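Architecture at a glance
The lines below spell out each chain.
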Amino acid sequence: MQGQAQQQAYDRGITIFSPDGRLYQVEYAREAVKRGTASIGVRTSDGVVLAVDKRVPSPLLEDSSVEKIHKADDHIGIASAGHVADARQLIDFARRQTQVNQLRYGEPIGVETLTKEVTDHIQQYTQVGGARPFGVALIVGGIDNGEPRLFETDPSGTPYEWKALAVGADRGELQEFLEENYDGDADLEGGIALALDALASVNDGSLLPSEVGLATVDVESESFEQFEQDRIGDHLEENGLLDDGEEEDEGDE
Amino acid sequence: MQGQAQQQAYDRGITIFSPDGRLYQVEYAREAVKRGTASIGVRTSDGVVLAVDKRVPSPLLEDSSVEKIHKADDHIGIASAGHVADARQLIDFARRQTQVNQLRYGEPIGVETLTKEVTDHIQQYTQVGGARPFGVALIVGGIDNGEPRLFETDPSGTPYEWKALAVGADRGELQEFLEENYDGDADLEGGIALALDALASVNDGSLLPSEVGLATVDVESESFEQFEQDRIGDHLEENGLLDDGEEEDEGDE
Amino acid sequence: MQGQAQQQAYDRGITIFSPDGRLYQVEYAREAVKRGTASIGVRTSDGVVLAVDKRVPSPLLEDSSVEKIHKADDHIGIASAGHVADARQLIDFARRQTQVNQLRYGEPIGVETLTKEVTDHIQQYTQVGGARPFGVALIVGGIDNGEPRLFETDPSGTPYEWKALAVGADRGELQEFLEENYDGDADLEGGIALALDALASVNDGSLLPSEVGLATVDVESESFEQFEQDRIGDHLEENGLLDDGEEEDEGDE
Amino acid sequence: MQGQAQQQAYDRGITIFSPDGRLYQVEYAREAVKRGTASIGVRTSDGVVLAVDKRVPSPLLEDSSVEKIHKADDHIGIASAGHVADARQLIDFARRQTQVNQLRYGEPIGVETLTKEVTDHIQQYTQVGGARPFGVALIVGGIDNGEPRLFETDPSGTPYEWKALAVGADRGELQEFLEENYDGDADLEGGIALALDALASVNDGSLLPSEVGLATVDVESESFEQFEQDRIGDHLEENGLLDDGEEEDEGDE
Amino acid sequence: MQGQAQQQAYDRGITIFSPDGRLYQVEYAREAVKRGTASIGVRTSDGVVLAVDKRVPSPLLEDSSVEKIHKADDHIGIASAGHVADARQLIDFARRQTQVNQLRYGEPIGVETLTKEVTDHIQQYTQVGGARPFGVALIVGGIDNGEPRLFETDPSGTPYEWKALAVGADRGELQEFLEENYDGDADLEGGIALALDALASVNDGSLLPSEVGLATVDVESESFEQFEQDRIGDHLEENGLLDDGEEEDEGDE
Amino acid sequence: MQGQAQQQAYDRGITIFSPDGRLYQVEYAREAVKRGTASIGVRTSDGVVLAVDKRVPSPLLEDSSVEKIHKADDHIGIASAGHVADARQLIDFARRQTQVNQLRYGEPIGVETLTKEVTDHIQQYTQVGGARPFGVALIVGGIDNGEPRLFETDPSGTPYEWKALAVGADRGELQEFLEENYDGDADLEGGIALALDALASVNDGSLLPSEVGLATVDVESESFEQFEQDRIGDHLEENGLLDDGEEEDEGDE
Amino acid sequence: MQGQAQQQAYDRGITIFSPDGRLYQVEYAREAVKRGTASIGVRTSDGVVLAVDKRVPSPLLEDSSVEKIHKADDHIGIASAGHVADARQLIDFARRQTQVNQLRYGEPIGVETLTKEVTDHIQQYTQVGGARPFGVALIVGGIDNGEPRLFETDPSGTPYEWKALAVGADRGELQEFLEENYDGDADLEGGIALALDALASVNDGSLLPSEVGLATVDVESESFEQFEQDRIGDHLEENGLLDDGEEEDEGDE
């Protein structure tokens, strides 16, 4: 009955300050992010890496159904963690911004600019009544003027720039892993290895290709590339992280 | 009096996050889905199968009154489970989207595109105040570029792609049945057999033709086909699932 | 004081889901339907029958004041049960729809189409805030392409098609009576007999003509016909249901 | 303090259903009607009678200040009971409707049509949020195609047609009096006598002309006529109901 | 703490019916009227008298600052009691109505017409949400077709016509005084004497000219006239009500 | 925890009447006025004086930062006390009104007219929902047709005219001082002396020039003049109120 | 459970007055400011200095990610403290105002004018319902007509002008430091030294260049200049505040 009472209390209300200056709805939205599986971003000397945990709860659920890596523009990818339906809204918003920028200024949008347009959009949902905050965090990675850039948007609408970060489940453990192992001089290969290593570290040390999503934006081509499962398998094998098959591989397309 | 108190609490409020990052109204809407009879979707090598439990609570209620399979477009069918009136709203929305797509792009809408337009619509009702979420889940099945596709929309507005799935009453039991018996190489006939078998499994092992709705979209014709009762009867008989008549068959048209 | 407290709780709120997936406001609206006197619909081989209990609480209240059978179009009649003022709103809505259809398509609206336009309208009042649901159920009967059709709209906005049904007070008892006595091959005469029999069954076995409303839509003429009291008296007499006058007949017009 | 707590609860809220299908705000509005002094309507063979109790709480308050009988159109009068300010709003609405009808159709509005336009207006205030129901009941009397008609509008927005009725204070007692003494064959004189008799019955058996409002609409002239005090006095005297002056007559014009 | 709890409860809510059919917000607004100093209106054979208590809480506050008598039109004056800022809104509304009437119909507005336009405006604030009622009562006095008329508007939006009335503080006592001493044949001089006598009766029997506001509208000139302090002093002296100066006269112009 | 509970209660609600006819939000707004430092206005035979306490809580805060005296028009000055941000809104509103008046009528606005436009604006925030009252009081002083006038606007939207008044902290004590020492025949010099004397009386008897704001509008020039610190120092010295420097004088510009 | 109850209470409500005249939501917003790291502003004889603590919680978070100093116009800089996403909204608002001013008047906006346009915007969020206040304080520094000016905007919407100030964490301690050490005659070098000294005083006496943001607007050039890390390092070294490296310097770009 007590739990019941607590639940009822959260079926009403809008986002306002608590006496200690906190916005509880925003903090609860951060909890919604933690309920999603992990996503990781790594910035390297020649590009950015996005890697996500995309394990599915049922063998009949298509792996592709778990959309956690999205192409926002030719040179920008976005990984998400948290409330899936909310993520889709923000990705749609981001894509519209890239098109608006192209139409208005005749050139692709910057990674930082795009991130801040998204966070300003998110902020509105934390200040003006009649809606709840977005329960999702995004990792926005791409190339700005030849430089790899990696940003996070959180449910408060704050933009952060990172060398490497994790969002979603196990964020604490994963972020610690990244801090210990990040090498600012590493290239894309090193960045992929670090990201996969981190994901495996919270997954009994090994991964199935179908459980991972992987994408990069490299400095040279300035283009977003999402990896097929066999290439993911190769990377896992190279890094000694390939699951030896105790769990059945669905082998789906 | 306690039950009373609980009920009263749910006559007010909007959808916001709980301290552990959950959206209770969305979770309660999922309960509304479970209150509806089961619907099943199966993807096969040459098409998709939609099968629904359409038993009626009264012999005077027309079987046709239980609308759980809907044609969304020539090549797309939708099965629903949950709050019937809400389902009608979403089906209407989906049909308008197929027409808009035809008018705007001169070609039929994709199954995935349609699904995501529906889920984006659903998401709005979970974030913006002044309305409750939709208490219904849809199974959207059809042919995209010659490939059979099968999607689910849930009350949170998340799209899922499945090989086979069940929504509504007995979802847990049915999904387990599908996982154990799904064969990725089966054809439409096999898919129909699996779907009917699953429905029968939670219904004392046999079914009356009038209690079942059945439809397919096959890869060859790319056209949605809803089955008449006699054809359903044939399929039940072939699969040894035909009810032997202990319950009176209404024999209506 | 306890009853008081309960009442107060229902003077506020909007329609949202309870933890078990129910919409209490819709369920309470169904209770409002039960507070109204009964209405019955019967589909026969050559038309539909609408019969209503229109007993009045005072001898000074005009029988005609109890409007429970309404002509929606030449070929469609509607019987209502529940909150009278709400019924009027829906009847007005239905009549506007028949006119819109005539203007737009140059042909009369279908019985099923009309029913679903009404239920979609009802559904809006259960999902969007700022208004309560309609506390009324309608029986929509008429001829679609030469076929008699009989529908129900309930406060959730769900359309049902019936062979025979009762709404309002004593629904359970009346529906059971109909199930036991319904004969799918009966003609209009048989349908009228069944409907009057049912009404009498919950009214000490006999009825006064002034206590009953009766209307039909027959397949041949495709036209709605409301019966005068003397014709109702004849039907009651034929079926041995005429009240022998222990209660004073007002003899009004 | 308890009464206090109850009062506070009613300073908020909108009109929704209770678990037993009732609309409390509408029922409370009916209580507001009972707080007003009584109004009576009687239909006779050659017209309708409206009679109202217009006793004032202070000798300095003008009798004319108690406006309970209103001319809605040449052939329609309205008596009200309950919240005076609300009555004025509905009377204004009714008058606008008579004008709109005259302009649009070039003929006077029917008594039944006018009543239903008023009740439909009332119903809106019981279903859509942001306002409370009207705390008033109206008796609408007039001539439709040569026939005297008498209607009631109640706070739920339900129209009733009556032979004779009372609204406001002592409704139960007055209605019983009318039921016992109503004679369907009586003419206007008889109707006036019945109405005054009824009012006197709850007022120690006699009345002062200044305490009564009286109006008729007769079939012949089809015109509303409000009676002056001396004519009311004559009618009281004829019927042996004239107060013998133990209470001081103000003698005010 | 209890008082505290009560206060808090009244910082929210809108105006709805209580179970016994009362509108508490309107009743509380009447209390706001009683918190204001008294205003009196007297109708005489040759005009109307408005008299107000305008004692000020500080000798430094200008007597003229207490605006309780207002000219609404050449032939209409208004005295107010209660929430001063609310009174100003209604006076402004009344003045606009007089101008609109002049523009639209080319003649001055009637006293009764003006009163009812004001009360209809007041009523809206008691029925539609989003605002509180007006906490003020007005006495509207003037000449209609050569006849002196005297009306009251109360917070419910009910118009009353009076021979003589008091609103504001001590209403009960003052009204009783008026009832005992009102003479329907008195002229303006008699009316002024009665009004001042009444005000003095609740003020130790005497008044300072600066404590009183006085105005008349006489039948002959049909024009509103507000009295200067010396004329008020003369009237007080004539009637033996002049304060003998135990309290210091400010002597302020 | 109790204080906590009280605080929470005031984070919701709109302005409505309490059972004793009070508007608590308006009364609380008056408390907000008392939280501000004092402002004083004095009307003299040849002009009005505005004097304010502008002590700052930190020596690093610019004295000029405390804006409590504002020029509204050439001939009108306004002193404020209470919530500073609210005061700015009202001053802006007042300035717009002076411009509108100049544009519309080609002449400067009257002091009384301006005051009442401001109070009517304030009143709206106490009656219509969706906003809180203004937590500020203004002293509006200026010349109307050669006469010095001095008004107050309070949070209820009531305008008052004064000979001399204080608003803000210590209002009770200051008003008493003014009442005891006000001389209606004094000139501007006398008025300045009275105002400074009053401010010093609640400040240990002496003042620093930097702690005081001073302005006048004189009858002759009809122009608002704000005093520099050295002139304020001269006035303090002349009146024996100059602080002897025990507290450090910032000596800033 | 108690903490829980408190939290729930702050998930609803709008900004209204408490009985003692306080606006709790505004006070809670001030707490949100204190939750941010410190920002400092110092006005000197030849310009203004803005210095901010920009320590990051993770070595992988880019220092540049912590945006606390913003260029508002060529001659105006803004430092912020508190809720980062809210700060971005206000900075955007400020930048739009500078552009509007340039377009409308053809000249750069004044520092004071800009500050007050921002505070008026902030005030709206504390008075009108449907949104929460801004949880951020800004320090606005620049050159007005050759004079250095330094302002603060607080969550109530009050503008303050300062010689030197701190906002955010440790405000009390920092402000005290500034009061003790501020020298009105110091030049920009002195102002930078004071600001860095203050920041170091609450940070164990030394700082890393990467932990500090620094900017100036000097009187001569009237242009905003943000300092690179090496120049910051030089200033820290000159003032003996450079961290000796016990904490690892990220050495990023």
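No experiment lies behind these values; they were computed from the predicted model shown.

**Side note on the overall build of chain A**
Along its length, chain A carries seven helices and 10 strands. For chain A, whose C-alpha radius of gyration is 19 Å, the value lies close to the compact-globule estimate of 18 Å for 253 residues. Counting only C-alpha atoms, chain A reaches 55 × 50 × 35 Å along its principal axes. Residue pairs in contact within chain A that sit at least 24 positions apart in sequence constitute 66% of those at least 6 positions apart. Carbon together with sulfur atoms contributes 41% to the accessible area of chain A, which is approximately 9,600 Å² in total. Within chain A, the 52 negative side-chain charges are centred at a point lying 11 Å from the centre of the 20 positive side-chain charges.

**Observations concerning the sheet that holds strand E5 (residues 136-144) of chain F**
All names here are of chain F. Across the sheet, five strands lie side by side as E3-E4-E5-E6-E7; this open sheet has antiparallel pairing. The two strands at the open ends of the sheet, each matched to only one other strand, are strand E3 (69-73) and strand E7 (159-161). Adjacent strand axes in the sheet meet at a mean angle of 25°, parallel and antiparallel pairs treated alike. Pairing between strand E6 (residues 147-153) and E7: three bridges, direction antiparallel.

**Some thoughts on the pairing of strand E3 (residues 69-73) of chain E**
The side chains of a regular strand alternate between both faces of the sheet. Residue and element names in this part refer to chain E. Among the five residues that make up E3, four are buried, leaving the element largely enclosed by the rest of the structure. Two strands pair when backbone bridges link them, and E3 and strand E4 (residues 76-82) are joined in this way by four bridges, in the antiparallel orientation. Looking across to E4, one finds that Lys71 is bridged to Gly77.

**Brief notes about helix H4 (residues 111-127) of chain F**
Compared with an ideal rise of 1.5 Å per residue, which puts 17 residues at 24 Å, H4(F) spans 25 Å between its outermost C-alpha atoms and is within 8% of the ideal. Buried within H4(F) we find Val111(F), Leu114(F), Thr115(F), Lys116(F), Val118(F), Thr119(F), Asp120(F), Ile122(F), Gln123(F), Thr126(F) and Gln127(F).

**A few points about the sheet that holds strand E2 (residues 47-53) of chain G**
The strands making up a sheet are joined through hydrogen bonds of the backbone, oriented either antiparallel or parallel. All names here are of chain G. Spatially, five strands are ordered E8-E1-E2-E9-E10 in an open sheet, and the strand pairing comes out antiparallel. Two strands bound the open sheet, and with one partner strand each, they are strand E8 (164-167) and strand E10 (224-226). Direction aside, the axes of adjacent strands within the sheet are offset by 15° on average. Where strand E1 (residues 39-44) and E8 come together, four bridges link them in antiparallel fashion. Note that in E8 the partner of Ile40 across the bridge is Ala166. Sitting on the sheet, helix H5 (residues 171-181) is in contact with E1 and E8, with an inclination near 165° to E8. Where helix H6 (residues 188-201) meets the sheet, it contacts E1, E2 and strand E9 (212-218), and its direction lies at approximately 20° from that of E2.

**Examining the environment of Asp20(G)**
Position of Asp20(G) among the secondary structure elements: in the loop between helix H1 (2-9) and helix H2 (24-34). When the C-alpha atoms of Asp20(G) and Leu150(G) are compared, they prove to be 32 Å apart, with 130 residues separating the residues in sequence. Residues contacting Asp20(G), with those up to four places away along its chain left out, are Glu31(F) and Arg35(F). Polar contacts involving the side chain of Asp20(G) include one to the side chain of Ser18(G), which spans 2.3 Å.

**Structural notes on the packing of helix H5 (residues 171-181) of chain B against helix H6 (residues 188-201) of chain B**
All names here are of chain B. Taken N-terminus to C-terminus, the directions of H5 and H6 make an angle of 140°; their axes are 10 Å apart at the nearest point. The angle between H5 and H6 falls in the class oblique. With respect to the hand of their crossing, H5 and H6 are arranged in right-handed fashion. Side by side, H5 and H6 meet where Leu174, Phe177, Leu178 and Asn181 of the first sit next to Leu194, Asp197, Ala198, Leu199 and Ser201 of the second. Across the contact of H5 with H6, the residue classes break down as six nonpolar, two polar and one charged.

**Regarding the packing of aromatic side chains**
For the coordinates displayed, the defined rule picks out 18 aromatic pairs over all chains. A ring pair is formed by Tyr160(A) and Trp162(A), whose centres lie 6.5 Å apart and whose planes are at 55°; its orientation type is tilted. Above the plane of the ring of Phe227(C) lies Arg231(C), whose end atom (NZ or CZ) is 3.8 Å from the centre.

**Here's the deal with the pattern of salt bridges**
On inspection of all chains with the given rule, the structure shows 126 salt bridges over all chains. Here Glu67(B) and Lys116(C) are joined by a salt bridge, their closest N and O atoms 2.8 Å apart. With Glu67(B) in the loop between strand E2 (47-53) and strand E3 (69-73) and Lys116(C) in helix H4 (residues 111-127), the pair connects residues from two separate chains. Overall, Lys116(C) belongs to the buried group, its relative accessible area being 13%. The partner of Glu27(C) in a salt bridge is Arg22(C), and the shortest N-O contact between them spans 2.5 Å. Members of the salt-bridge network, linked through shared partners, are Arg43(A), Glu112(A), Lys116(A), Asp120(A), Asp144(A), Arg149(A), Glu161(A), Glu62(G), Glu67(G) and Arg88(G).

Thresholds, definitions, all that
Residues numbered from 1 in each chain as written. Chains lettered and ligands numbered in written order. Predicted model: local features only at pLDDT ≥ 70, side-chain atom pairs only at ≥ 80, totals over all residues. Heavy atoms only, no water. Helix = DSSP H or I, 4+ residues; strand = E, 2+ residues; numbered from the N terminus. Rg over C-alpha atoms; globule rule 2.2 N^0.38 Å. Contact = heavy atoms within 4.5 Å. Areas by Shrake-Rupley, 256 points an atom, 1.4 Å probe, with all protein chains shown as cover. Lys, Arg positive; Asp, Glu negative; His and termini not counted. Charge placed at Lys NZ, Arg CZ, Asp CG, Glu CD. Pairing = 2+ DSSP bridges. Axes fitted to C-alpha atoms, helices over the stretch in contact; angles between N-to-C directions. Buried < 20%, exposed > 50% of the residue type's maximum accessible area, 1.4 Å probe, protein only. Expected span 1.5 Å × (residues − 1). Polar contact = N/O pair within 3.5 Å; in protein donor to acceptor, adjacent residues only side chain to side chain. Parallel < 35°, antiparallel > 145°, perpendicular 65-115°, else oblique. Left-handed = near helix turned anticlockwise from the far one by under 90°. Nonpolar A, V, L, I, M, F, W, Y, C, P; charged D, E, K, R; others polar. Phe/Tyr/Trp six-rings, centres within 6.5 Å; stacked < 30°, edge-to-face > 60°. Lys NZ or Arg CZ within 6 Å of the ring centre and 35° of its normal. Salt bridge = Lys/Arg side-chain N within 4 Å of Asp/Glu carboxyl O.

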